[in-house]
Amino acid sequence: MFKDEKDYFMRQVQMAARMLALTLFQKEQTEYRLPEGQPQSEADRLYLQMRERVDRGEVNEAENLLFEKTDWSDLRFLEVALDFYDRLNGWSEEELAACGYSHEEVEEGLREVAGRFGAPYDGI
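Residues numbered from 1 in each chain as written. Predicted model: local features only at pLDDT ≥ 70, side-chain atom pairs only at ≥ 80, totals over all residues. Heavy atoms only, no water.

**Q** Which residues make up the packing of helix α2 (residues 42-55) against helix α3 (residues 59-69), and what values go with them?
**A** A packed helix pair is summarised by two numbers, namely the angle formed by the two axes and the spacing between the axes. Two elements in contact, α2 and α3, have axes whose closest approach is 8 Å; the angle formed by their N-to-C orientations is 160°. With respect to their mutual orientation, α2 and α3 come out roughly antiparallel. Regarding α2 and α3, the two cross each other, and that crossing is right-handed. Contacts from Leu 46, Gln 49, Met 50, Arg 53 and Val 54 in α2 reach Glu 61, Ala 62, Leu 65, Leu 66 and Lys 69 in α3. (Axes fitted to C-alpha atoms, helices over the stretch in contact; angles between N-to-C directions. Helix = DSSP H or I, 4+ residues; strand = E, 2+ residues; numbered from the N terminus. Parallel < 35°, antiparallel > 145°, perpendicular 65-115°, else oblique. Left-handed = near helix turned anticlockwise from the far one by under 90°. Contact = heavy atoms within 4.5 Å.)

And the structure:
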(Lines give C-alpha, C1' and ligand atoms only; values in the text may rest on other atoms or scores of the structure.)
Protein backbone atom coordinates (compact mmCIF):
# COMPACT_ATOMS: atom_id res chain seq x y z
CA MET A 1 0.00 0.00 0.00
CA PHE A 2 1.32 3.47 -0.87
CA LYS A 3 1.96 6.02 1.84
CA ASP A 4 -1.02 8.19 0.81
CA GLU A 5 -3.30 5.13 0.83
CA LYS A 6 -1.99 4.09 4.25
CA ASP A 7 -2.53 7.62 5.63
CA TYR A 8 -6.08 7.60 4.28
CA PHE A 9 -6.70 4.15 5.79
CA MET A 10 -5.38 5.31 9.18
CA ARG A 11 -7.54 8.47 9.10
CA GLN A 12 -10.61 6.39 8.32
CA VAL A 13 -9.98 4.10 11.29
CA GLN A 14 -9.32 7.09 13.54
CA MET A 15 -12.54 8.79 12.41
CA ALA A 16 -14.56 5.60 12.98
CA ALA A 17 -13.18 5.18 16.52
CA ARG A 18 -13.82 8.81 17.39
CA MET A 19 -17.31 8.73 15.90
CA LEU A 20 -18.12 5.76 18.15
CA ALA A 21 -16.75 7.67 21.17
CA LEU A 22 -18.80 10.74 20.30
CA THR A 23 -21.98 8.81 19.53
CA LEU A 24 -21.90 6.50 22.52
CA PHE A 25 -20.05 8.48 25.19
CA GLN A 26 -20.38 12.11 24.08
CA LYS A 27 -16.56 12.27 24.11
CA GLU A 28 -14.49 13.76 21.32
CA GLN A 29 -11.46 11.60 22.12
CA THR A 30 -11.07 7.87 22.54
CA GLU A 31 -8.71 8.05 25.50
CA TYR A 32 -9.78 5.82 28.39
CA ARG A 33 -9.44 7.61 31.71
CA LEU A 34 -9.02 5.83 34.99
CA PRO A 35 -11.24 7.31 37.70
CA GLU A 36 -9.47 9.07 40.54
CA GLY A 37 -10.03 7.90 44.08
CA GLN A 38 -12.51 5.19 43.14
CA PRO A 39 -12.09 1.44 43.32
CA GLN A 40 -10.94 -0.05 40.05
CA SER A 41 -13.59 -1.70 37.93
CA GLU A 42 -13.01 -4.78 35.82
CA ALA A 43 -12.69 -2.48 32.79
CA ASP A 44 -10.04 -0.43 34.62
CA ARG A 45 -8.06 -3.56 35.46
CA LEU A 46 -8.30 -4.80 31.88
CA TYR A 47 -7.11 -1.42 30.60
CA LEU A 48 -4.06 -1.53 32.88
CA GLN A 49 -3.24 -5.13 31.92
CA MET A 50 -3.51 -4.33 28.23
CA ARG A 51 -1.39 -1.16 28.50
CA GLU A 52 1.29 -3.14 30.33
CA ARG A 53 1.42 -5.69 27.50
CA VAL A 54 1.40 -3.03 24.79
CA ASP A 55 4.26 -1.23 26.55
CA ARG A 56 6.22 -4.50 26.32
CA GLY A 57 5.38 -4.85 22.62
CA GLU A 58 2.92 -7.69 23.24
CA VAL A 59 0.12 -6.28 21.11
CA ASN A 60 -1.44 -9.60 20.15
CA GLU A 61 -1.46 -10.69 23.79
CA ALA A 62 -3.17 -7.42 24.75
CA GLU A 63 -5.81 -7.95 22.09
CA ASN A 64 -6.33 -11.53 23.25
CA LEU A 65 -6.98 -10.21 26.77
CA LEU A 66 -9.50 -7.77 25.36
CA PHE A 67 -11.53 -10.53 23.74
CA GLU A 68 -11.15 -12.93 26.69
CA LYS A 69 -12.01 -10.57 29.53
CA THR A 70 -14.51 -8.13 28.06
CA ASP A 71 -18.01 -8.07 29.46
CA TRP A 72 -19.89 -7.39 26.23
CA SER A 73 -22.80 -5.88 28.16
CA ASP A 74 -20.67 -3.18 29.82
CA LEU A 75 -19.86 -0.18 27.61
CA ARG A 76 -16.83 0.73 29.73
CA PHE A 77 -15.10 -2.18 27.99
CA LEU A 78 -15.92 -0.58 24.65
CA GLU A 79 -14.17 2.55 25.89
CA VAL A 80 -11.11 0.41 26.68
CA ALA A 81 -11.21 -1.10 23.20
CA LEU A 82 -11.55 2.28 21.47
CA ASP A 83 -8.52 3.57 23.35
CA PHE A 84 -6.53 0.45 22.46
CA TYR A 85 -7.27 0.45 18.75
CA ASP A 86 -6.97 4.22 18.31
CA ARG A 87 -3.56 4.21 20.01
CA LEU A 88 -2.34 1.35 17.82
CA ASN A 89 -3.69 3.09 14.74
CA GLY A 90 -1.29 5.95 15.48
CA TRP A 91 1.72 3.66 15.29
CA SER A 92 3.77 3.35 12.14
CA GLU A 93 3.55 0.23 10.01
CA GLU A 94 7.09 -0.63 11.14
CA GLU A 95 6.21 -0.30 14.84
CA LEU A 96 3.19 -2.54 14.42
CA ALA A 97 5.13 -5.07 12.31
CA ALA A 98 7.78 -5.30 15.03
CA CYS A 99 4.99 -6.50 17.32
CA GLY A 100 3.53 -8.89 14.75
CA TYR A 101 0.55 -6.63 14.04
CA SER A 102 -0.74 -4.38 11.24
CA HIS A 103 -3.09 -1.50 10.55
CA GLU A 104 -5.44 -3.92 8.84
CA GLU A 105 -5.68 -5.87 12.11
CA VAL A 106 -6.43 -2.61 13.95
CA GLU A 107 -9.38 -2.00 11.64
CA GLU A 108 -10.56 -5.62 11.83
CA GLY A 109 -10.37 -5.60 15.63
CA LEU A 110 -12.25 -2.32 15.93
CA ARG A 111 -14.93 -3.58 13.55
CA GLU A 112 -15.27 -6.86 15.53
CA VAL A 113 -15.53 -5.11 18.89
CA ALA A 114 -18.08 -2.59 17.62
CA GLY A 115 -20.14 -5.45 16.21
CA ARG A 116 -20.08 -7.39 19.45
CA PHE A 117 -21.37 -4.33 21.28
CA GLY A 118 -24.00 -3.75 18.62
CA ALA A 119 -22.48 -0.35 17.94
CA PRO A 120 -22.66 1.31 14.52
CA TYR A 121 -19.37 1.05 12.66
CA ASP A 122 -18.89 3.22 9.61
CA GLY A 123 -15.24 2.39 9.07
CA ILE A 124 -13.59 1.39 5.90
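**Q** Please give an account of the nonpolar core that cites residues and values.
**A** It is characteristic of soluble globular proteins that their nonpolar side chains tend to be buried jointly. Core analysis: the biggest nonpolar cluster contains 31 residues, and Met 50, Leu 66, Phe 84, Tyr 85 and Leu 110 have the highest contact counts within it. Of all the secondary-structure elements, those providing two or more residues to this core are α1 (3-25), α2, α3, α4 (75-89) and α6 (103-117). No other element matches the eight residues that α4 contributes to this core. (Core = buried A, V, L, I, M, F, W, Y, C linked by side-chain atoms within 4.5 Å. Buried < 20%, exposed > 50% of the residue type's maximum accessible area, 1.4 Å probe, protein only.)

**Q** Would you mind going over the side chain of Ser 102 in detail, with residue names and values included?
**A** Mapped onto the fold, Ser 102 is located in the loop between α5 (93-98) and α6. Judged by its relative accessible area of 14%, Ser 102 falls in the buried class. Those residues in contact with Ser 102 that lie beyond four places of it in its chain are Glu 93 and Leu 96.

**Q** Now, about the packing of aromatic side chains: what can you tell me, with residues and values included?
**A** Applying the stated criterion across every chain yields a total of four aromatic pairs. With centroids separated by 4.9 Å and ring planes inclined at 40°, the aromatic side chains of Tyr 32 and Tyr 47 adopt a geometry described as tilted. Here the residue Tyr 32 occupies a position in the loop between α1 and α2, and Tyr 47 occupies one in helix α2, the gap between them amounting to 15 residues. Pair check on accessibility: Tyr 32 and Tyr 47 agree, each one buried. Connected via pairs of aromatic rings, a cluster forms that spans Phe 67, Trp 72 and Phe 117. (Phe/Tyr/Trp six-rings, centres within 6.5 Å; stacked < 30°, edge-to-face > 60°.)

**Q** Residue-level account of the confidence of the model for the protein, with values.
**A** Averaged over all residues, the pLDDT of the protein is 85; the fraction at 70 or higher stands at 83%. Within the protein, the lowest mean pLDDT, 67, falls on α1, and the highest, 98, falls on α3. (pLDDT = per-residue confidence, 0-100.)

**Q** Before we move on, could you go through the environment of Leu 88 and cite the residues and values that matter?
**A** Take Leu 88: it is sitting in helix α4. Along the sequence, Leu 88 and His 103 sit 15 residues apart, while their C-alpha atoms lie 7.8 Å from each other. Leaving out residues up to four positions away in the same chain, Leu 88 has contacts with Val 59, Leu 96, Tyr 101, His 103 and Val 106.

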